[in-house]
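# Topology and contacts: notes
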Amino acid sequence: MGNCFTRFIWAVIGLGAGWGVGSASAQQARIAGLAGDGTYMELLRQQAQLKAREDSTAAELSACRSRFETAAGQRGELGREIVRLESELFEVRNRMGRITAQVAAIEQEYIVSHLDDPAGTAAEGEEGDAGGSRHDGGRRMLYDNPFFVDNLSGTDRRLFAVLPKVEAEIGRIGRQISGLYEQLTATKRQYEAAAEQETIDSLSLRAGELKEQIEQVDAQMEQLWLTIYHRKLDLYSVLLDRIGSIDRLQLEQLDQESRQVRRAERLAGEQLAPLLTTYPVQKRLTLNYESVLAQALGLTQAEDSLKTERGRTEAMVAQAEAADYADIPFEPRSMIVYGAIAKSAERNYTTVDDIPALQVPKRGVYYTVQIGLYPAPPKGIEVFKGLTPVMYQPLGNGQRRYVAGGFATHAEAQAAVAQMTREGLRASVIAFAEGKPVSAAQAKALEAAAEQAEAAARTTGEGRYRVEIVPEELRLSAAAREIIAARAPGKTIVRNSSGNEVVYAVDGFEQQTEAERLAEALRTQPNVKIKVVAL
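These numbers come from a predicted model, not from an experiment.

### Focus on the overall build of the protein chain
Of regular secondary structure, the protein chain possesses 16 helices and 11 strands. Residue burial in the protein chain is summarised as follows: out of 535 residues, 44% are buried. Taking the contacts inside the protein chain whose residues are at least 6 apart along the sequence as the reference set, 76% of them involve residues at least 24 apart. Accessible surface, the protein chain: about 27,400 Å² in total, of which carbon and sulfur atoms supply 50%.

Okay, structure coming up:
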């Protein structure tokens, strides 16, 4: 554990803003010893460029949104521009996230290899004193008194001394999560308004990626704040026992507050950023412990300083209670019709304009039945004889094709053609493969090939598999994420929620044995359900 603590201490001292998108110039290394690393400096340059582009795009997006509210005649054009800018901003932030992760990896590797030279890992422009902060006077006085020196190890005192840097990083985490959550909210609005299946699917995927990014950023606090927080609670209880003269009422108040914090932690499990949400009340609890210790030890100056810090923390608690990072559900939406053709006495479509556009899946084979081909939309809905579902498809020659039903197999489509022929319509099979029009014969051949491949996969145990993880705490722990990164490098974690259950999926495994190896490693984690699913 000592080596882990040492690594953690110097990582926090050395990295500072390095775990977020820092404000350092692209020409200035955040760690002095890396100034000559060309790859590292190039990544910082790209990071600065992307930050400038993010600011520019965000400003342009804000201006478009303001104009959208007042320019009624231009809302169509402005709406499309807003969607384009939101997409561009999303991509920029994705790229920033990837580059920031590379920067952090280089910095951490350097720090670990220079543990015996902590001065060399300090960030450019920073002093070596990791405890230097205008808000930590009370804590420094507390840690430097003889009682703490005698009863705390040097490792623990150094761990606590880096807290100002940790708190600065938590502030950056909060701002990053707020930006991501705004993107998620905007994505939800676009998702509900979208009428194209490809757009719907793309926005659903984007929502999953945004939720995962929020959780990844929030999970950094396991390695930052929670390490210090749990260590403090353990040690402060021991120190209070050693002093022995603490007022019983103060001890009862601390115990009651501890129970309230644990209750808040359980409730926060339903949030996308639970650790950020509970940080203010956890910090307030540690400050109250420290105030009791300072009072018992007669450290008046430290007690006064801690009282001021508690006042600032109360404002943070109020802000956290007002903030809402609740999960935003994206209920499945499908514009693709699968179903037989029916005839109803009641009209499903009042006019021809009510008939929706044909949507086809981007994967696999899809069939429908043509029931009419017109140079312009027919004037009356009666031509479709009460059939449902009916869709239209614009063709390149200006004509409009009307189709009915949607089918996964050629046999179903052919049976529907016979049904439409009996209705007196000139019907024929229309086929698509991978979202593109193909002949019915081609689609039938692809359908047969897919069936053979599926049968072969069942026989050999090969195909596509997914590992599903259902944590009781509704979030994926940092330890589980590390296992996935090590056992399934390059694979994406997708988060889905349904009611009170959150499911994380890691897919893209071609062989079941690969998926099972990851599942076996994840089963070492507590309070999680793991299963391998064949796709």
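### Observations regarding the sheet that holds strand β2 (residues 365-374)
The strands making up a sheet are joined through hydrogen bonds of the backbone, oriented either antiparallel or parallel. Pairing is antiparallel across the open sheet formed by five strands, whose spatial order is β4-β5-β2-β6-β7. Each edge of the open sheet carries a strand with a single partner, namely β4 (390-394) and β7 (436-438). When the angles between neighbouring strand axes are averaged without regard to direction, this sheet yields 45°. Both β2 and strand β5 (residues 400-407) contribute to a ladder of six bridges, which runs antiparallel. Its bridge partner being in β5, Q370 is matched across the sheet by V403. Contacting β2, β5 and β6 (428-433), helix α13 (residues 410-422) crosses the sheet at an angle of about 25° to β2.

### Describing helix α6 (residues 154-161)
For α6, every residue scored as buried is listed here: D156, L159 and F160. The buried residues of α6 occupy an angular sector of 95° when projected down its axis, which confines them to one face.

### Digging into the nonpolar core
Of all hydrophobic cores here, the largest spans 58 residues; its most connected members are F148, V166, I177, L184, I214, M221 and W225. Contact partners of M221, with chain neighbours within four places excluded, come to I170, I173, L226, L275, L276 and Y279. Within the second largest apolar cluster, 25 residues are counted, among which are Y349, Y392, A413 and A427.

### Observations concerning the packing of aromatic side chains
Under the defined criterion, the tally for this structure stands at 11 aromatic pairs. Ring geometry for Y181 against Y325: centres 5.4 Å apart, planes inclined by 85°, an arrangement best described as edge-to-face. On the criterion of sequence distance, the pair formed by Y181 in helix α7 (residues 163-193) and Y325 in the loop between α12 (300-322) and β1 (342-343) is long-range, its members being 144 residues apart. Both residues of the pair, Y181 and Y325, belong to the buried class. An aromatic cluster of three or more residues is present, and its members are Y374, F384, Y392 and Y402. A cation over a ring is seen here: K232 above F160, with NZ or CZ 5.4 Å from the ring centre. It is R400 that lies over the ring of Y392; its NZ or CZ is 4.0 Å from the centre.

### Side note on the pairing of β4
Counting buried positions along β4 yields four of five residues, so the element is predominantly enclosed. Here β4 runs beside β5; their pairing, made up of five bridges, is antiparallel. The residue of β5 that forms the bridge with V390 is A404. With antiparallel pairing between neighbouring strands as the criterion, β4 and β5 make up a hairpin whose turn holds five residues, including G398 at a positive phi of roughly 90°.

### Looking at the packing of helix α9 (residues 225-243) against helix α11 (residues 274-296)
Taken N-terminus to C-terminus, the directions of α9 and α11 make an angle of 25°; their axes are 10 Å apart at the nearest point. Relative to α11, α9 is oriented roughly parallel. In terms of crossing hand, the pair formed by α9 and α11 is left-handed. Within the contact between the two elements, α9 uses W225, L226, Y229, K232, L233, Y236, S237, L239, L240 and I243 and α11 uses L275, Y279, Q282, K283, L285, T286, Y289, E290, V292, L293 and A296. When the residues that make up the contact of α9 with α11 are grouped by side-chain class, the tally is 15 nonpolar, three polar and three charged.

### Considerations on the side chain of T278
Mapped onto the secondary structure, T278 falls in helix α11. Polar side-chain contacts of T278 include one of 3.3 Å to the backbone oxygen of L275. T278 has contacts with A264, E265 and A268, leaving out every residue within four places of it along the chain.

### So, the environment of K385
Among the secondary structure elements, K385 is positioned in the loop between β2 and β3 (387-388). Expressed as a C-alpha distance, the spacing of K385 and S344, which sit 41 residues apart in the sequence, is 8.7 Å. Aside from chain neighbours lying at most four places away, what touches K385 is K343, E423, G424 and L425.

### Comments concerning the side chain of K211
Mapped onto the elements of the fold, K211 is located in helix α8 (residues 197-223). Classification of K211 by relative accessible area gives buried; the value is 5%. Those residues in contact with K211 that sit more than four places away from it in its chain are L184, L272, D327, I328, P329, F330, R495 and S497.

### Quick look at unusual backbone geometry
P389 follows T388 through a cis peptide bond whose omega is -5°. For K385, which is not a glycine, the phi torsion comes out positive at approximately 55°. Positioned with a positive phi, E434 is a non-glycine residue whose angle comes to about 55°. Tracing the sequence through the fold places E434 in the loop between β6 and β7.

### Let's talk about the pattern of salt bridges
Taken as a whole and judged by the stated rule, the model has 28 salt bridges. Taking the shortest distance from any N to any O, the salt bridge between E88 and R53 comes out at 3.6 Å. You can see E88 sitting in helix α3 (residues 75-113) and its partner R53 sitting in helix α2 (residues 38-70), a full 35 residues away along the chain. Residue class for R53 comes out partly exposed when judged on its relative accessible area of 35%. Salt bridges sharing common partners tie together K211, E212, E215, D327, R481 and R495.

### What about the confidence of the model for the protein chain?
Averaged over every residue, the pLDDT of the protein chain is 82; the share at 70 or more is 84%. When mean pLDDT is compared element by element in the protein chain, β6 scores highest at 96, while helix α1 (residues 2-15) scores lowest at 45. The low-confidence segment residues 1-26 (pLDDT under 50) makes 75 contacts with residues lying over four places distant or belonging to another chain. Per-residue pLDDT stays below 50 along residues 115-135; that stretch engages in 42 contacts with residues further than four places along the chain or on separate chains.

About the cut-offs
Residues numbered from 1 in each chain as written. Predicted model: local features only at pLDDT ≥ 70, side-chain atom pairs only at ≥ 80, totals over all residues. Heavy atoms only, no water. Helix = DSSP H or I, 4+ residues; strand = E, 2+ residues; numbered from the N terminus. Buried < 20%, exposed > 50% of the residue type's maximum accessible area, 1.4 Å probe, protein only. Contact = heavy atoms within 4.5 Å. Areas by Shrake-Rupley, 256 points an atom, 1.4 Å probe, with all protein chains shown as cover. Pairing = 2+ DSSP bridges. Axes fitted to C-alpha atoms, helices over the stretch in contact; angles between N-to-C directions. Arc of directions from axis to C-beta. Core = buried A, V, L, I, M, F, W, Y, C linked by side-chain atoms within 4.5 Å. Phe/Tyr/Trp six-rings, centres within 6.5 Å; stacked < 30°, edge-to-face > 60°. Lys NZ or Arg CZ within 6 Å of the ring centre and 35° of its normal. Parallel < 35°, antiparallel > 145°, perpendicular 65-115°, else oblique. Left-handed = near helix turned anticlockwise from the far one by under 90°. Nonpolar A, V, L, I, M, F, W, Y, C, P; charged D, E, K, R; others polar. Polar contact = N/O pair within 3.5 Å; in protein donor to acceptor, adjacent residues only side chain to side chain. Salt bridge = Lys/Arg side-chain N within 4 Å of Asp/Glu carboxyl O. pLDDT = per-residue confidence, 0-100.

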